Amino acid sequence: EALKIGRDPVDKVYEQIIADLKDAGEILPTSYSGSDIGRVTKGAAKSILGSVYLTHKKFTEAESVLKEVTGMGYKLLDNYNDLWDYSKSEHHSEYIFDIEYESDIQLGSTFTNDFLPQQAEIAKLYNIPGAAGNSYTPSDELFEIFEDNDLRKDVTVARGWIDEDGIYHLINPSGQGAKTYTKKYITSIPRSNDSPVNWKVIRYADVLLMLAEALNENGKTSEALNYINQVRVRAGVDPYPNNISKNDLREEIYNERRRELSFEGHRIWDLLRTGRALQACAPLGMQPYMVLFPIPLSQIQVMNDPAIFPQNPGWD
């Protein structure tokens, strides 16, 4: 019988997602202690619900639930770079929900290796081999959207390093391969692909930027500034002025999310939900149908009936 059940409409799927997140937001505890730290909390459920509302342009609902999160005791870390200092706990005031990893017990992540380019200079500098493919390297455009005094810039994007004599070196300045990297996931690891680094699903800065976006779309631009400027001030850059227009702030929020959250898994989803994915990715080869991912062939073959379970358009 299951092989005769077709695909549900997207809206119906999201109805269930929203219902589940609402239930979770009421039932889950606000925090855990001891070995349970890292489990999903009320704040995590409500934050993800806010993201779902933004995706569907339900800005009033997003504003309401994300404001609830701001009253749950979360706080930006004073120093942005402390987010990436793995000698300290990742369960701090800005943490809302991570995918948890633990090294040296065969439960580590691959992120420390994945986000370093496969270059001899970098491997020697950090004593960590980079991953093949050099897939997670910053673009020139990303370097350009940071102000010079932005405290996030150095850890987010890099083209080289300073040696013990204070001399700056570019990585691979004339050779093939990657010439840039991000430092967000660098830490000592006992072996390759066994890092203690968690994957940050939701942190408080993301909530503040989502709330600013919802408020701005609801015509509350001056109130939105209170939230986005918390992120700006923490980064050491000037807050946006009180006379900024709604349209200008909308674009600045998009840019601020990119500066704040680069290499944390948000960019493609931000582009898709704001309708800018094709514009941004067409120079890289994206075609219009590619804004929707294909269904894996293995799942198509399970049903083996395009009348009941068709592939997404363009991927046939």
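Before any of the text, the structure's been laid out above.
In what follows, the accompanying structure is described.

What to know about the overall build of the protein
A tally of regular secondary structure across the protein gives 13 helices and four strands. Taking 2.2 N^0.38 as the reference for a compact globule, 316 residues should give roughly 20 Å; the C-alpha atoms of the protein span a radius of gyration of 21 Å, in line with that estimate. Every one of the 316 residues in the protein was classed for burial, and the buried ones make up 43%. A separation threshold of at least 6 residues defines the contact pool for the protein, and within that pool the share at least 24 residues apart is 63%. Carbon and sulfur atoms make up 52% of the accessible area of the protein, which amounts to about 16900 Å² in all. Here the protein carries 33 positive and 47 negative side-chain charges, and the mean point of each set is 3 Å from the other.

Describing the environment of Pro129
The topology assignment puts Pro129 in the loop between α5 (120–126) and α6 (140–144). Of the residues examined, Pro129 reaches a relative accessible area of 40% and is grouped as partly exposed. Sequence spacing of Pro129 and Asn193 is 64 residues, and the spatial spacing of their C-alpha atoms is 9.6 Å. Beyond its immediate stretch of four places on either side in the chain, Pro129 contacts Asn113, Ala123 and Ser192.

With respect to the pattern of salt bridges
Inspection of the entire model under this criterion finds 35 salt bridges. Across the salt bridge formed by Glu26 and Lys46, the nearest N and O atoms sit 3.5 Å from each other. Of the two residues, Glu26 is situated in helix α1 (residues 10–27) and Lys46 in helix α2 (residues 42–55); the sequence distance between them amounts to 20 residues. Glu26 sits in the exposed class, given a relative accessible area of 59%. The salt bridge partner of Asp104 is Arg191, with a shortest N-O separation of 3.2 Å. With Asp104 in the loop between β1 (95–99) and α4 (111–114) and Arg191 in the loop between β3 (168–170) and β4 (199–203), the pair connects residues that are 87 residues apart, well separated along the chain.

With respect to the nonpolar core
Core analysis: the largest hydrophobic core is formed by 36 residues, its most contacted members being Leu66, Ile96, Tyr204, Val207, Ile228 and Leu249. A total of ten residues in this core trace back to one element, the largest contributor, which is helix α8 (residues 204–217). Excluding its chain neighbours within four sequence positions, the residues that come into contact with Ile228 are Leu209, Ala212, Tyr240, Leu249, Glu252, Ile253 and Glu256. With 17 residues, the next largest nonpolar core counts Tyr80, Ile145, Val155 and Val157 among its residues.

Let's talk about α8
Since one α-helical turn is 3.6 residues long, residues separated by three or four positions face the same way. Over its 14 residues, α8 runs 20 Å from end to end, which matches the ideal 20 Å to within 8%, given 1.5 Å per residue. One or two steps after α8, the chain reaches Gly219, where phi turns positive at roughly 80°.

Comments concerning the pairing of β1
Along β1, four of the five residues are buried, which leaves the element largely enclosed by surrounding structure. The pairing of β1 with β4 spans four bridges and is antiparallel. Bridge pairing in β4 places Tyr95 opposite Arg203.

Focus on the packing of helix α9 (residues 221–234) against helix α10 (residues 246–261)
Two numbers describe how α9 lies on α10: the axes approach to 11 Å, and their chain directions differ by 30°. In this view, α9 runs roughly parallel relative to α10, as classed from their interaxial angle. Relative to α10, α9 is oriented so that their crossing is left-handed. Contacts between α9 and α10 involve Thr221, Ala224, Leu225, Ile228, Val231, Arg232 and Arg234 from the former and Lys246, Leu249, Glu252, Ile253, Glu256, Arg259 and Glu260 from the latter.

About the cut-offs
Residues numbered from 1 in each chain as written. Predicted model: local features only at pLDDT ≥ 70, side-chain atom pairs only at ≥ 80, totals over all residues. Heavy atoms only, no water. Helix = DSSP H or I, 4+ residues; strand = E, 2+ residues; numbered from the N terminus. Rg over C-alpha atoms; globule rule 2.2 N^0.38 Å. Buried < 20%, exposed > 50% of the residue type's maximum accessible area, 1.4 Å probe, protein only. Contact = heavy atoms within 4.5 Å. Areas by Shrake-Rupley, 256 points an atom, 1.4 Å probe, with all protein chains shown as cover. Lys, Arg positive; Asp, Glu negative; His and termini not counted. Charge placed at Lys NZ, Arg CZ, Asp CG, Glu CD. Salt bridge = Lys/Arg side-chain N within 4 Å of Asp/Glu carboxyl O. Core = buried A, V, L, I, M, F, W, Y, C linked by side-chain atoms within 4.5 Å. Expected span 1.5 Å × (residues − 1). Pairing = 2+ DSSP bridges. Axes fitted to C-alpha atoms, helices over the stretch in contact; angles between N-to-C directions. Parallel < 35°, antiparallel > 145°, perpendicular 65-115°, else oblique. Left-handed = near helix turned anticlockwise from the far one by under 90°.

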